[in-house]
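Coordinate analysis (summary)
One letter stands for each residue in the lines below.
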Amino acid sequence: MQATQPRFKTRRLWQFHGGIHVPDEKALSNAGTVEPTPCPKFLILPLQQHIGAPANPIVKVGDRVLKGQVIAEPRGYVCAPVHASSSGTVIAIEDRPVPHPSGLSAPCVVIETDGRETWAELPEPLTDYESLDPAVLRDRVRACGVVGMGGASFPTSVKLNPGKDHPIHTLVINGAECEPYITCDDLLMRERSGDVLQGVRILLHLLGARQCLIGIEDNKPGAIESMRLARAESDIKDRVEIVAIPTLYPSGGEKQLIKVLTGREVPSHGIPAQIGIVCQNVGTAAAVADAVLLGRPLIERYVTVTGRAVAKPSNLNVRVGTPAADLIAQCGGLRDDLRKLVCGGPMMGFEIDSQAIPITKAANCLLALTHAESPDPGPALPCIRCGRCADACPASLLPQQLYWYARSKDLDRVQDYNLFDCIECGCCAHVCPSHIPLVQYYRYAKTESWAREQEKKKADHAKARHTAKLERQERQERERQAKLRTKKEAAKDKPAAKGEAVPSTEDPKKAAIEAARQRAAAKKAALAEQGVVPKNTEDLGAAQQQQVAAAQARRRAVGLGESEAKAGPEAQATEQPSQPTQTKATGPKAATASEEQA
Amino acid sequence: MTGVVVSSPHSARINRVDRVMLQVILALIPGILAMTWLFGWGLLINMGLAVTFAIAAEALVMRLRGRPALPAISDLTAVVTAVLFAIAVPPILPWWLTLIGILFAIVVVKQLYGGLGYNPFNPAMAAYVLLLISYPVAMTTWLPPQMLADQTLTFGDSLRAIFLGLAPGGTWDAVTAATPLGEMRTQLGVNRMIDEIRQSPLWGDFGGRGWEWVGNWFLLGGIYLIWKRIITWHIPVAFIAGLLVMAGMFWALDPQTHPFPAFHLFSGGAILGAFFIATDPVTACTTKKGQLIFGAAIGALVFVIRTWGGYPDAVAFAVLLMNIAAPTIDYYTQPRVFGHQRGS
């Protein structure tokens, strides 16, 4: 091998900071071959098996579905359809426990299988894909429901569309499989190396990338050998390199693998496309090949069922939607000293409390750990600031500082220390001598920060609205004042220019108001001559008159004059009988009423 | 199933605080044996007292704080503090000074600041400095190494000295001696030249006779700690470099008023300080760059205080001074985070 491929020996590899050596435990499950699984009685297909919006179910309870048929359509761009992974009848569309760290339930389509495995009509194979536009291929990948199979389950078609701003020069294929225990990618590379290479060929064409680097940790010699053979037989061997990388957790992290293979760092908060790289899992590459060359949707995947609490650790080829209990039963069931059941690997997986959860497109491993394998870390001691976490952190963070500020809920400081560059790989918690559940604190702080961000957005929105309202009211007030002022000035000018002012008024409405005003003024003047001060109490009933008189008597008793006792616009009205318009504008009802009566 | 779902990772933890502390104690054993051989039983008696007081004080405070005492005691951090304290003080220190020192270290310096992990100052060194300032005579009354002693103290003599304050033969002058650092300081203080001073049989190849070989054994333990990855090389190497550079510079300028750099390194608490005291994780810097600055500054300060300060040895003062600076140094020496531009 080496003689024909001297380049492998000379390729320079880079290192990322930190990382840890953990017992890989691959030997438990990497012997033998991938076993088929019998079709389960029931398939539980979550509508959200990917990052993004949940898919929209397009079948009804009672519908008969065929294997490979779309049962839920994507809703939005970042989404993926869901296909029936066997034929049968839809018996429920309801919330079921799903593999999720929260342990909550989510909407699922439940199919009772008929055991006949009748295929739906699949889309045409696109064997001459090199003559096709990348957009057509992306649509096929999307229609087949392909998502990232390394664990993140990001819709692959979206990742394959980096846009014109980001020309892609390198495709990185992730065969590192750095999590301990998991061997499904190892088996995939050993058994389906040809399909992986086909997938690579399609992806290279689709992305217009120059080269492909396939990174595999050197604890998988079988996979490396098999992939090298497949490469040698492939017609793209000049553009593809199989690179054995040192075994060091978490070298299979996307950003870490890119660093190891190319020396480039994906910018913080950025994506690999920004440095001209797209990274896909080996399983995803095989799924792309299936989608394009066979028209087969993603309805099956390899799953490792392992851990010392499982009787016969194995790798299984599983229909998406198969309940975990079926896989465990096929592997001989669980032993008595089971401590926990984990979906995913021991470093980043999450504990599941129900065997009813289904296998999803992203579920690579079911891990049954014994007490010896996953002992209770005991109560956390105080942090002694030893800095082992910082030595182990692959993102070069200072985990002890993050912990300090996360614990004191200082969300600003925790972000100053770049909380969001944390990939939650668990290295820090693994090496912590105080057994502090560090990752838990970081997840908490991230969730709190997101929540606060939302709150802040809401508050900012409300504040903006409030400010706009105040401005509007101020503006209206200003306009009103301006109107009043012009009116007042008009009223003031009038006595001087009485003769010509009236006929010159253009607006008949204004003229009418002017006439009414003059009438009122004349009447008031006449009343004043008679010595009557205008009051708004003239036509009240006898009882009310008495009450008014009594009130005025009380006022006099406490030494208040009639006009002094009144405040505000009413007082103005009394003091300035010659300008009734002002009273009207500010509008106390009684004054208006008396005006009208007058 | 456990019932309580905990976050990843689910792997077994590979380190434990008590195991780390046990390794530190193991690494101190060669140095302790060497000192016991040179200075008699006093060190071991002091150590027994200090450890007992420390455990009692820790248990008492934890009880007052309404927290379980057992985990705090079994993490062995108080024991390490007590052992380091006992190594640092003279082997015939009266028992009640050990009591005062340990109570101050555990109750005030450690627990009043919040207990393990929260104390800004190294408890053993803070206690040492408290006693040195308050009881300078008792704290500088050392025994000569056995090859220079007219009369070595038996186990009974040591017990009587520590518990009753009784000198063997009735007078202390016959059995005590200044440390090489103290002697050098006194002699330089009366304007004698190094060549003259070194005529005395007190001096060995480069340090005080007997004394100069204690450091080796602590060095051995320190290398063990680095090998076991309990500590990293950064602080000790920077400490030693800081001390040697300062001492070497002044020695090169005037070798008659400044002792040979190796004298500084293998006298007093320099090696012990470099590997076991400055590396206390709680009170030291945590970033690698910060640790280099922290260690180098302590080394330089040790020379400065020894040469121009008021006390013959300076490790405790230098460590405490840099303890204050550690958080600031950490703040300004944060590593570049993955995917960030340098300097941003």
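Worth saying up front: this structure is predicted, and the values here are computed from it rather than measured.

Conventions and cut-offs
- Residues numbered from 1 in each chain as written.
- Chains lettered and ligands numbered in written order.
- Predicted model: local features only at pLDDT ≥ 70, side-chain atom pairs only at ≥ 80, totals over all residues.
- Helix = DSSP H or I, 4+ residues; strand = E, 2+ residues; numbered from the N terminus.
- Buried ≥ 20, exposed ≤ 12 C-beta atoms within 10 Å, placed from the backbone.
- Contact = placed C-beta atoms within 7 Å.
- Pairing = 2+ DSSP bridges.
- Nonpolar A, V, L, I, M, F, W, Y, C, P; charged D, E, K, R; others polar.
- Core = buried A, V, L, I, M, F, W, Y, C linked by C-beta atoms within 7 Å.
- Expected span 1.5 Å × (residues − 1).
- Axes fitted to C-alpha atoms, helices over the stretch in contact; angles between N-to-C directions.
- pLDDT = per-residue confidence, 0-100.
- Right-handed = clockwise from strand over helix to strand, strands pointing away.
- Parallel < 35°, antiparallel > 145°, perpendicular 65-115°, else oblique.
- Left-handed = near helix turned anticlockwise from the far one by under 90°.

What about the overall build of chain A?
- A count of helical and extended segments in chain A gives 21 helices and 17 strands.
- Buried positions account for 44% of the 598 residues belonging to chain A.
- Sequence separation of at least 24 residues holds for 70% of the intrachain contacts in chain A that already meet a minimum separation of 6.

Digging into the overall build of chain B
- Within chain B, the regular secondary structure consists of 16 helices and zero strands.
- Overall size of chain B, expressed as C-alpha extent along the three principal axes, is 70 × 50 × 30 Å.
- By residue count, 51% of the 344 residues in chain B fall in the buried class.

A few points about the pairing of strand S17 (residues 365-370) of chain A
Residue and element names in this part refer to chain A.
- The element S17 is largely enclosed, with a buried count of five among its six residues.
- As paired elements, strand S13 (residues 300-306) and S17 share three bridges and run parallel to each other. Directly across from Thr 304, in S17, lies its bridge partner Cys 365.

Observations concerning the interface of chain B and chain A
- Across the boundary between the two partners, chain B contributes 33 residues, which contact 54 residues of chain A.
- For the side of chain B that touches chain A, the per-class residue count stands at 16 nonpolar, 13 polar and four charged.

Structural notes on the nonpolar core
- Val303(A), Ala54(B) and Phe85(B) are the most contacted members of the largest nonpolar core, which totals 250 residues.
- Sort the elements by how many residues they give to this core and helix H2 (residues 42-64) of chain B lands first, with eleven residues.
- Not counting chain neighbours up to four residues away, the residues in contact with Val303(A) comprise Cys184(A), Leu316(A), Val318(A), Leu327(A), Ile359(A), Ala363(A), Asn364(A), Cys365(A) and Leu366(A).

Notes on helix H15 (residues 288-308) of chain B
- Compared with the 30 Å implied by 1.5 Å per residue over 21 residues, the 30 Å span of H15(B) between its first and last C-alpha is a close match.
- Taken across its 21 residues, H15(B) has 15 buried, putting it largely inside the fold.

Looking at unusual backbone geometry
- At the junction of Tyr249(A) and Pro250(A), the peptide bond is cis and its omega measures out at -5° in the coordinates.
- Note on placement: Pro250(A) falls in the loop between strand S11 (240-245) and helix H7 (254-262).
- The linkage connecting Ser8(B) with the following residue, Pro9(B), adopts the cis geometry, with an omega of 0°.
- When you line up the elements, Pro9(B) lands in the segment before helix H1 (17-39).
- Of note, His269(A) is a non-glycine position whose phi angle comes to about 65°, a positive value.
- Tracing the chain through its elements places His269(A) in the loop between H7 and strand S12 (277-281).
- Phi at His435(A) takes a positive value of approximately 55°, unusual for a residue other than glycine.

A look at the environment of Val243(A)
- Tracing the backbone shows Val243(A) in strand S11.
- With 191 residues separating them along the chain, Val243(A) and Ser434(A) place their C-alpha atoms 37 Å apart.

Looking at the sheet that holds strand S5 (residues 70-73) of chain A
- Pairing in this open sheet of three strands is antiparallel, and the strands run S3-S5-S6 (chain A) from one edge to the other. At either end of the open sheet lies a strand with only one pairing partner, and these are strand S3 (56-57) and strand S6 (82-83) of chain A.

Some details on the sheet that holds S12(A)
Residues and elements named next belong to chain A.
- Judged by pairing direction, the sheet is parallel, and its four strands sit side by side in the order S11-S10-S9-S12 without closing on themselves. On the outer flanks of this sheet lie S11 and S12, each paired with one strand and no other. When strand polarity is set aside, the average angle formed by the axes of neighbouring strands in this sheet is 25°.
- In this structure, strand S9 (residues 170-174) lies alongside S12, joined through five bridges in parallel fashion. Considered in S12, the bridge of Leu 171 is made with Val 278.
- Contacting S9, strand S10 (211-217), S11 and S12, helix H5 (residues 193-207) runs over the sheet at an angle of about 150° to S9.
- In the packing of helix H8 (residues 282-294) onto the sheet, contacts are made with S9 and S12, and the angle to S12 comes to roughly 85°.

Some details on the confidence of the model for chain B
- For chain B, the average pLDDT comes to 89, and 98% of its residues sit at 70 or higher.
- Here the predicted complex scores 0.79 on pTM and 0.87 on ipTM.

Quick notes on the pairing of S10(A)
All names here are of chain A.
- Most of S10 is tucked away, with six of its seven residues classed as buried.
- Pairing geometry for S9 and S10, over five bridges, is parallel. Across the sheet, the residue bridging to Asn 174 is Gly 215, located in S10.
- Strand direction decides the pairing type here: S10 and S11, joined by six bridges, are parallel. Within the sheet, the bridge partner assigned to Cys 212 lies in S11 and is Val 240.
- Taken together, S10, helix H6 (residues 221-233) and S11 constitute a β-α-β crossover, and its handedness is right-handed.

Quick notes on helix H12 (residues 234-253) of chain B
- Taking 1.5 Å of rise per residue, 20 residues should cover 28 Å, and H12(B) covers 28 Å from first to last C-alpha, within 8% of that figure.
- Among the residues making up H12(B), those that are buried are His234(B), Ile235(B), Pro236(B), Ala238(B), Phe239(B), Ile240(B), Gly242(B), Leu243(B), Met246(B), Ala247(B) and Trp251(B).

A short note on the packing of H2(B) against helix H8 (residues 155-164) of chain B
All names here are of chain B.
- Packing of H2 against H8 brings their axes to within 9 Å, and their N-to-C directions diverge by 45°. Taken as axis vectors, H2 and H8 run oblique relative to one another. The hand of the H2/H8 crossing is right-handed. Along the contact surface, H2 presents Gly 42, Ile 45 and Asn 46, while H8 presents Ser 158, Leu 159, Ala 161 and Ile 162.

Brief notes about the environment of Lys41(A)
All names here are of chain A.
- Mapped onto the elements, Lys 41 comes out in the loop between strand S1 (35-36) and strand S2 (42-46).
- Remark: the alpha-carbon pair of Lys 41 and Arg 485, spanning 444 residues in sequence, is separated by 84 Å.
- Those residues in contact with Lys 41 that sit more than four places away from it in its chain are Glu 112 and Thr 113.

Let's talk about the confidence of the model for chain A
- Mean pLDDT over chain A stands at 85; residues scoring 70 or higher make up 87%.
- Confidence drops under a pLDDT of 50 for residues 1-8 of chain A, and excluding neighbours within four residues, the segment shows eight contacts in the predicted structure.

A short note on the environment of Leu45(A)
All names here are of chain A.
- With respect to the helices, strands and loops of the structure, Leu 45 is situated in strand S2.
- In this structure, the C-alpha to C-alpha distance between Leu 45 and Arg 96, residues 51 residues apart in sequence, is 9.3 Å.
- Those residues within four positions of Leu 45 in sequence are excluded, and the remaining contacts are Ile 71, Val 82, Cys 108, Val 109, Ile 111, Val 320, Gly 321 and Pro 358.

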